[in-house]
Amino acid sequence: MFLLLPFDSLIVNLLGISLTVLFTLLLVFIIVPAIFGVSFGIRKLYMKTLLKIFAWATLRMERGAKEKNHQLYKPYTNGIIAKDPTSLEEEIKEIRRSGSSKALDNTPEFELSDIFYFCRKGMETIMDDEVTKRFSAEELESWNLLSRTNYNFQIALAFTGISLLVVGTTMVGYLPNGRFKEFLSKHVHLMCYRICVRALTAIITYHDRENRPRNGGICVANHTSPIDVIILASDGYYAMVGQVHGGLMGVIQRAMVKACPHVWFERSEVKDRHLVAKRLTEHVQDKSKLPILIFPEGTCINNTSVMMFKKGSFEIGATVYPVAIKYDPQFGDAFWNSSKYGMVTYLLRMMTSWAIVCSVWYLPPMTRETDEDAVQFANRVKSAIARQGGLVDLLWDGGLKREKVKDTFKEEQQKLYSKMIVGNHEDRSRS
Amino acid sequence: MGSRGSHAARIPDGDSIRRETGFSQASLLRLYHRFRALDRNKKGYLSRMDLQQIGALAVNPLGCGVGNLRVDFPGFVRVLAHFRPVDDEDPGMRDPKEPEPLNSRMNKLRFAFQLYDLDRDGKISRHEMLQVLRLMVGVQVTEEQLESIADRTVQEADEDGDGAVSFLEFAKSLEKMDIEQKMSIRILK
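Since the structure is predicted, the reported quantities are computational estimates derived from the model, not experimental observations. (Residues numbered from 1 in each chain as written. Chains lettered and ligands numbered in written order. Predicted model: local features only at pLDDT ≥ 70, side-chain atom pairs only at ≥ 80, totals over all residues. Heavy atoms only, no water.)

Points about the environment of Ile 185 of chain B
Thought 1: Tracing the backbone shows Ile 185 of chain B in the segment after α10 (179-182).
Thought 2: Look past the residues within four positions of Ile 185 of chain B in its chain and what remains in contact with it is Ile 81, Arg 120, Met 123, Glu 124 and Met 127 of chain A together with Phe 83, Arg 84 and Pro 85 of chain B. (Helix = DSSP H or I, 4+ residues; strand = E, 2+ residues; numbered from the N terminus. Contact = heavy atoms within 4.5 Å.)

A closer look at the UniProt feature "domain: EF-hand" (unreviewed entry) in chain B
Residues and elements named next belong to chain B.
Thought 1: UniProt marks residues 26-61, 104-139 and 145-180 with the feature "domain: EF-hand" (unreviewed entry), using the numbering shown here.
Thought 2: Across residues 104-139 one finds 67% helix and 8% strand; the C-alpha atoms that close the span lie 36 Å apart.
Thought 3: The distance separating the terminal C-alpha atoms of residues 145-180 is 32 Å; by composition the span is 61% helix and 8% strand. (UniProt positions renumbered as here; feature names shortened; annotations may be inferred.)

Details of helix α6 (residues 105-116) of chain B
Thought 1: For α6 of chain B, built from 12 residues, the straight-helix expectation of 16 Å at 1.5 Å per residue is met to within 8% by its first-to-last C-alpha distance of 17 Å.
Thought 2: Looking at α6 of chain B, one finds that the buried residues are Asn 107, Lys 108, Leu 109, Phe 111, Ala 112, Phe 113, Leu 115 and Tyr 116 of chain B. (Expected span 1.5 Å × (residues − 1). Buried < 20%, exposed > 50% of the residue type's maximum accessible area, 1.4 Å probe, protein only.)

Notes on the side chain of Asn 222 of chain A
Residues and elements named next belong to chain A.
Thought 1: If you trace the backbone, Asn 222 turns up in the loop between β2 (217-221) and α7 (227-233).
Thought 2: Residue Asn 222 is classed as buried on the basis of its relative accessible area, which comes to 1%.
Thought 3: Here the side chain of Asn 222 touches Ile 325 through a polar contact of 2.9 Å, landing on its backbone nitrogen. (Polar contact = N/O pair within 3.5 Å; in protein donor to acceptor, adjacent residues only side chain to side chain.)

Quick look at the pairing of β2 of chain A
All names here are of chain A.
Thought 1: Burial runs high along β2: five of the five residues are buried.
Thought 2: Of the two faces of β2, the one holding Gly 217, Cys 219 and Ala 221 and the one holding Ile 218 and Val 220 are both buried throughout.
Thought 3: Bridging between β2 and strand β7 (residues 319-327) involves five bridges; their strand directions are parallel. The residue of β7 that forms the bridge with Ile 218 is Val 320.
Thought 4: Across three bridges, the pairing between β2 and strand β5 (residues 292-294) is parallel. Along β5, the bridge assignment pairs Cys 219 with Leu 293. (Pairing = 2+ DSSP bridges.)

Considerations on the pattern of salt bridges
Thought 1: Evaluated as defined, the whole model comprises 16 salt bridges over all chains.
Thought 2: The salt bridge involving Asp 235 of chain A is made with Arg 212 of chain A; its shortest N-O contact spans 3.8 Å. With Asp 235 of chain A in the loop between α7 and β3 (239-243) and Arg 212 of chain A in the loop between β1 (202-207) and β2, the pair connects residues that are 23 residues apart, well separated along the chain.
Thought 3: On the basis of relative accessible area, Asp 235 of chain A is assigned to the buried category, the value being 5%.
Thought 4: On the accessibility criterion, Arg 212 of chain A (30% relative accessible area) is partly exposed.
Thought 5: With a shortest N-O distance of 2.9 Å, Arg 134 of chain B and Glu 143 of chain B are connected by a salt bridge.
Thought 6: Residue Glu 143 of chain B is classed as partly exposed on the basis of its relative accessible area, which comes to 39%.
Thought 7: Taken together, the salt bridges that share partners define one network made up of Arg 209, Arg 212 and Asp 235 of chain A. (Salt bridge = Lys/Arg side-chain N within 4 Å of Asp/Glu carboxyl O.)

Shown next, in the form of structure tokens:
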């Protein structure tokens, strides 16, 4: 027992020293740069090394599979089946042409063979449709180790970030309104978001920063995960929009509001579209308030496409600043499948992934033109974002993740087909 | 996550399904994953609800369905097998004792026939024709117009004058059609 004593004190000393070293490292390499927005470029180097390792590992695995003669499942990204992009009319005409022995100067009204078109289309969508596969994580053709151990470090960092945010904004809230308060609140927000970004080991490349949103505008972006907020907010000052939550999120929301105006809605208010539009318009018209950050898809999409934008934010009439966010899937799947993982599990997964690499493009501002309605404007913005980010532009509603499709779409198809079989009938009766 | 190596052995009854339907191992695997993706609650079969969730299918006026309320994976693949492109082998070489492959011309025609023949009595009556037409056009066409279309169609195809279209009459009216191509879906490698 007595022999242990000198060792004891040695261990204690070592522990003390290592802790101090750790904290200094923490301070120097992470928090200080976060505050000043400087980066050492270490993460870029880390990313390059990771890429090389993954490429090597994939090669090894493929070679191993060939040797053993196994069928290595290559996940598809573009679809299971070969599809012809022809319209309803063209296809049905073609089917009729190939089957009919009659002369086709009067296009017949209806043929038994018409059913083949619907049948095949139906089967095609059962085998592979554009929407369902957007809601499962994008499948990769390479292999990567998507987890690593020892995430205590990241969690500590995230914790620091969040607590700093809460404390900082509350403190700033006590200051009297004025330029100084605004300045301070912006920087407190920014600093905390930057710390969170480092907690997630995110490597973000911003493009076209001269197009960043200005006061009195609305910033619109495609939505893949809750991290999108952190990514955008660490490079600009935004006012957030969202529902009031309870628990930790609620505390954060209340603290943030003290420092500068965000727009938080009660759950009951969310249903009232006019109220929502009114509050947003008020916020936007006050030029001293920060631009609003909105994700019009309404839900998380898996970052291979952009789905229908809800038109609410486009009706307000403010300048819209579109932003495209694209995650690099080789480093980690950032998509939050809310039916599979809860928020906390998701965040832990994000923190333990090797890195989150993404690109953010700020697109030039757009305004609604006089002959456009909100829906057309929304679609225009959506196409611009999809084009920039290299994502597929889809007309489908993100709400399909949870609900069934509306009947209006079915009616459109029926209208199209009716014109083919009855529209001709009218011509006949006239002649 | 990690590596994603899979074998056909993971699919229950994989070998017998392959023999029956003629799908390649790779295609079967893809269909299996598709089945699993559609089966949201991992019940092991697809319900009408699962299929209705597919947006593009709900839009299809026929909701060209697999019919029953519960479709397990073998049933799923059997239906899809009808749409496999026809093999390029010489029909004379085929062993006549073996059952006709699911994707033969006759079987494709039978599948389409069943879409019209709702009560499965082997004939498409005028009433059934009306019902199917109604599905395809919704409310866009009046009852009289639809009735005249249905009458004309049944009349043209009906050869023995019984007022309904049997399977043989159906097949005869479509004998010139390139069914093999129109009712085929090619699975990408």
